[in-house]
Amino acid sequence: MSEVILRLENVRKIFTIKREFLRKLNLVAVDNVTLEVRYGETLALVGESGCGKSTTGLLSIRLLKPDSGRIIFKGIDITDLGEGDLRKYRRHMGIVFQNPYSSLNPRMTVFDIVAEPLKIQKLKDRSEIRKRVLEALQSVGLPREILDRYPHELSGGQRQRVAIARALVTHPIYVVLDEPTASLDVSIQASILNLLKDLKKTYGLSYLYISHDLGTVRYIADRVSVMYAGRIVEIADKHSLFNRPLHPYTKALLNSVPIAEPGRRIKNKHILEGEPPLVTDDYVGCRFAERCPYADSRCFKETPPLEEVQKNHYVACWRYTT
Amino acid sequence: MILKICDLRVYYFLRDKVVRAIDKIDLEVPEGVVFGIVGESGSGKSTLAHAIIRLIPPPGRIVSGSIFFRDLDLVKLSEKELNKIRGNRITMIPQDPISSFNPTVRIGDQLLDVAIHKLGLSRREAAKIIIEKLKLVRMPSPEINMRKYPHELSGGMLQRAAIAMALLPDPDLIIADEPTTALDVTIQAAILKLIRDLVDDLKKTVILITHNMGIVAETCDKIAVMYAGQIVELGDVYDMLSEPLHPYTRALIMAVPRADREIERLEPLVGEPPSLSDIPRGCRFHPRCRLAKPICKREEPPLRYLDSKRAVRCWLYV
């Protein structure tokens, strides 16, 4: 078995939106993304809203179909599989969404919510279903008393545990975590992050952890990929990325994060001006060039490829410095 | 002191219960600072912000206490007198700028409307002052952006427009309620720097409501930490962060994962905050506190000043 559980190869996703009468705009949400999630690791996908990170997560479990590129799961090309064939692989995949208030059906009980993936997998044996649901609830630290409760009767932290139990009930090996703590208070966030870490260890899971919060990324990830305007601009192991970031955007992002350290003041920070561009299918050049203090004329004309510039450290920049 | 709040209580009277959203708040905000109010959801921080300008929706009301803005008690003012202060001497920067603008009116017209009808300026004066404020908030291409509708601007630009609007009457006090929650971190940094400039360059006073300790650390001069409707600790930001005293403040700082260092294991707080309609007896934090003593279960600790700047509501410091 290869060490790679999931591989995206030059994956591209375009959303067509109607602008004015008969005028359409092809927005490139995900642009030639290549990345690998290895067995037993947490790969973080970091970026700001609209950068394509959630779309990439959905593509990786084929909840969306790419316009081009390949999706390889456990060595099998699942890019063009139909729903029936996909179901065989979906059992090994899970996803936890950002908002446990909207991702749980308010008219279903906890039991029904957690059991649903099993029913989709056509598991019929009711005692087996019950056993699996209880097992999943126990693994996320929820008491069996909540089986018959509805989502509105639960706290935000409990709801997110239910969402995690639902993702784990089919015994997946690859789980997409899409901002799983973004809508939780910090005191609850810490316990969910610890739970996710523990579950990964216990069940040997691999995570794609999608987030804009670099603090949680540093806590949970093994490797980090940074996305900007639909493209991966940097991938490295966590240590290199946080200590020696290479891409100017990664540097700016790290510098922007507010940190509860006495004496660190916003006044002394260099602030990145501007905002990310809308990327249409005829866009040329580096997506970050407009905001980049180091950009030269080449950056506006040619799109930099993602290249390995140090061992296991990839960057897409013409002007990076070490 | 630009603002002095004494024993402020805001309760919501529901059919079957009373929600004590904020309770026994004492707070002094000196002139020319960014004063941070930190807390998690349900801590009462937004209620406090809204109480200051008396915008508590029914069935909530200010039950008791005073809010002195300079020498005027805002609690006692008539609506007419209050309107000379609210939206004039005290203005607000909203949490979510997209919902604070009218989606069917161009941004520029909304600013004009405030300048003409609220401030009584002529059209020409209004236009001049709006351009001036837009420059101040570093709005890119103001002439073009003012002709746009709210949905055509990015979150960052809308927030700049909202800040410009808050600055129109040249207020003394600006209340910013989670002004960057809806924004990305790079945009957030720009907005926070702008808010800091309002104080440093324009000598305004800002009350910044947030749940983010990092924002507080980098932007505020003084902070108050709220828990279950009360202030549990307040002081200068540097002191509070280098030596947090209240067990909740400590736990809050410890629970946040850091982008600037490796943490082996986070220590989450046990349990969840109490419901404000069913507040525990004694110290409100005691069911979650590792250091709780018998007295903490029986009696509510007072907010006690340790020196002229630092106060804590905890029996460990009495």
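Residues numbered from 1 in each chain as written. Chains lettered and ligands numbered in written order. Predicted model: local features only at pLDDT ≥ 70, side-chain atom pairs only at ≥ 80, totals over all residues. Heavy atoms only, no water.

### Considerations on the sheet that holds strand E8 (residues 205-210) of chain B
Residues and elements named next belong to chain B.
Okay, so step 1: Taken together, the 8 strands give an open sheet; going across it, the order is E6-E7-E8-E3-E9-E10-E12-E11, and neighbouring strands pair in mixed fashion. With one partner strand each, in any of the chains shown, strand E6 (90-93) and strand E11 (304-305) form the two edges of the open sheet.
Okay, so step 2: When strand E3 (residues 34-38) meets E8, the two strands line up parallel, connected through 5 bridges. Across the sheet, residue Ile37 finds its bridge partner in E8, namely Ile209. (Pairing = 2+ DSSP bridges. Helix = DSSP H or I, 4+ residues; strand = E, 2+ residues; numbered from the N terminus.)

### Quick word on the side chain of Arg313 of chain B
Residue and element names in this part refer to chain B.
Okay, so step 1: Inspection of the secondary structure assignment puts Arg313 in the segment after strand E12 (311-312).
Okay, so step 2: Glu300 provides the closest opposite charge to the buried, unpaired Arg313, separated from it by 4.0 Å.
Okay, so step 3: A distance of 3.3 Å separates a polar atom in the side chain of Arg313 from the backbone oxygen of Lys24.
Okay, so step 4: The contacts of Arg313, once residues within four sequence positions are left out, are Lys24, Gln230, Ile231, Val232, His246, Glu300, Pro301, Pro302 and Leu303. (Buried < 20%, exposed > 50% of the residue type's maximum accessible area, 1.4 Å probe, protein only. Lys, Arg positive; Asp, Glu negative; His and termini not counted. Salt bridge = Lys/Arg side-chain N within 4 Å of Asp/Glu carboxyl O. Polar contact = N/O pair within 3.5 Å; in protein donor to acceptor, adjacent residues only side chain to side chain. Contact = heavy atoms within 4.5 Å.)

### Regarding the interface of chain A and chain B
Okay, so step 1: Taken together, the contact between chain A and chain B spans 40 residues of the former and 48 residues of the latter.
Okay, so step 2: Where chain A packs against chain B, one counts 9 salt bridges.
Okay, so step 3: Counting across the interface, chain A meets chain B through 27 residue pairs in polar contact (both at pLDDT 80 or more).
Okay, so step 4: Taken together, the elements giving at least two residues each to the side of chain A that touches chain B come down to helix H6 (186-203), helix H7 (214-220), helix H8 (238-243) and helix H9 (248-256) of chain A.
Okay, so step 5: Among the elements that make up the side of chain A that touches chain B, the one with the highest residue count is H6 of chain A (10 residues).
Okay, so step 6: Across the side of chain A that touches chain B, the residue classes break down as 16 nonpolar, 11 polar and 13 charged. (Nonpolar A, V, L, I, M, F, W, Y, C, P; charged D, E, K, R; others polar.)

### Topic: the pattern of salt bridges
Residue and element names in this part refer to chain A.
Okay, so step 1: All chains considered together, the criterion is met by 47 salt bridges over all chains.
Okay, so step 2: Among the salt bridges present, the one from Arg70 reaches Asp80, with a minimum N-O distance of 2.9 Å. Of this pair, Arg70 sits in strand E4 (residues 68-73) while Asp80 sits in the loop between strand E5 (76-77) and helix H2 (83-90), and the two are 10 residues apart along the sequence.
Okay, so step 3: According to the relative accessible area criterion, Arg70 is partly exposed, its value standing at 31%.
Okay, so step 4: In this structure, Lys131 and Glu128 form a salt bridge, with 3.9 Å as the shortest nitrogen-oxygen distance. Note that Lys131 and Glu128 are positioned in helix H4 (residues 126-139) at a spacing of 3 residues, about one turn of the helix.

### Concerning helix H8 (residues 185-200) of chain B
Okay, so step 1: When the terminal C-alpha atoms of H8 of chain B are compared, their 22 Å separation across 16 residues agrees well with the 22 Å that a helix rising 1.5 Å per residue should span.
Okay, so step 2: By the criterion of burial, H8 of chain B is predominantly enclosed, with 15 of the 16 residues buried. (Expected span 1.5 Å × (residues − 1).)

### Side note on the domain arrangement of chain B
All names here are of chain B.
Okay, so step 1: For chain B, the assigned domains are domain 1 (31-60 + 172-317) and domain 2 (96-170).
Okay, so step 2: Each of domain 1 and domain 2 was reduced to a C-alpha centroid, and the two centroids are 31 Å apart.
Okay, so step 3: Every contact between the two is made by 14 residues of domain 1 and, on the other side, 11 residues of domain 2.
Okay, so step 4: Across the interface of domain 1 and domain 2, roughly 1,000 Å² is buried in total on both sides, 69% from carbon and sulfur atoms. (Domains from an automatic or database assignment. Buried area = accessible area lost by both parts, 1.4 Å probe.)

### So, the nonpolar core
Okay, so step 1: Core analysis: the largest hydrophobic core is formed by 106 residues, its most contacted members being Leu3, Ile5, Ile25, Leu27, Leu48, Ile163 and Ile207 of chain B.
Okay, so step 2: Among the elements that line this core, the one with the most residues is H8 of chain B, at 9 residues.
Okay, so step 3: Built from parts of two domains, this core gets at least three residues from each of domain 1 (31-60 + 172-317) and domain 2 (96-170) of chain B.
Okay, so step 4: If near-sequence neighbours (up to four positions away) are discounted, Leu3 of chain B is found in contact with Leu27, Glu28, Val29, Ile52, Ile67, Phe68, Phe69, Leu173 and Ile207 of chain B.
Okay, so step 5: Core analysis: the next-biggest nonpolar cluster, separate from the first, contains 72 residues, Leu205, Leu214 and Phe288 of chain A together with Val185 of chain B among them. (Core = buried A, V, L, I, M, F, W, Y, C linked by side-chain atoms within 4.5 Å.)

### Section: the packing of helix H5 (residues 156-168) of chain A against H6 of chain A
Residues and elements named next belong to chain A.
Okay, so step 1: Close contact between H5 and H6 brings their axes to 10 Å; oriented N to C, the two are set at 20°. Considering their axes alone, H5 and H6 lie roughly parallel with respect to each other. Between H5 and H6 lies a crossing of right-handed hand. For the pair H5 and H6, contact is made by Gly157, Gln160, Arg161, Ile164 and Leu168 and by Ile188, Ser191, Ile192, Leu195, Leu196 and Leu199, respectively.
Okay, so step 2: In terms of residue class, the contact of H5 with H6 is made up of 7 nonpolar, 3 polar and 1 charged. (Axes fitted to C-alpha atoms, helices over the stretch in contact; angles between N-to-C directions. Parallel < 35°, antiparallel > 145°, perpendicular 65-115°, else oblique. Left-handed = near helix turned anticlockwise from the far one by under 90°.)

### Some thoughts on the sheet that holds strand E1 (residues 4-18) of chain A
All names here are of chain A.
Okay, so step 1: Strands sit in the order E2-E1-E4-E5 across an open sheet of 4 strands; the sheet is antiparallel. Every other strand in the sheet has two partners, leaving strand E2 (24-38) and E5 as the edge strands with one partner each.
Okay, so step 2: Relative to E5, E4 runs antiparallel, the two being bridged by 2 bridges. What sits directly across from Phe73, in E5, is Ile76.
Okay, so step 3: Of the strands in this sheet, E1, E2 and E4 are in contact with helix H1 (residues 53-60), which crosses E1 at around 120°.

### Some words on a nonpolar patch on the surface
Okay, so step 1: Where nonpolar side chains cluster on the molecular surface, the patch consists of Phe13, Val18 and Val63 of chain B and spans about 190 Å² of accessible area.
Okay, so step 2: Looking at the secondary structure, you find Phe13 of chain B in strand E1 (residues 3-13). (Patch = residues over 30% accessible without salt bridge, like charges linked within 9 Å, V, L, I, M, F, W, Y side chains within 5 Å. Areas by Shrake-Rupley, 256 points an atom, 1.4 Å probe, with all protein chains shown as cover.)

### Describing the side chain of Thr79 of chain A
All names here are of chain A.
Okay, so step 1: Along the chain, Thr79 falls in the loop between E5 and H2.
Okay, so step 2: The class for Thr79 is buried, based on a relative accessible area of 3%.
Okay, so step 3: Within the local environment of Thr79, its side chain forms a polar contact with the backbone nitrogen of Ile71, the two atoms lying 2.9 Å apart.
Okay, so step 4: Those residues in contact with Thr79, other than ones at most four positions away along the chain, are Arg62, Lys65, Pro66, Gly69, Arg70 and Ile71.

### Some words on the pairing of strand E11 (residues 307-310) of chain A
All names here are of chain A.
Okay, so step 1: The pairing of E11 with strand E12 (residues 313-315) spans 3 bridges and is antiparallel. By the bridge assignment for E12, Glu308 is matched with Tyr314.
Okay, so step 2: From the end of E11 to the start of E12, which pair antiparallel, there are 2 residues, and Asn312 there has a positive phi angle of about 60°.

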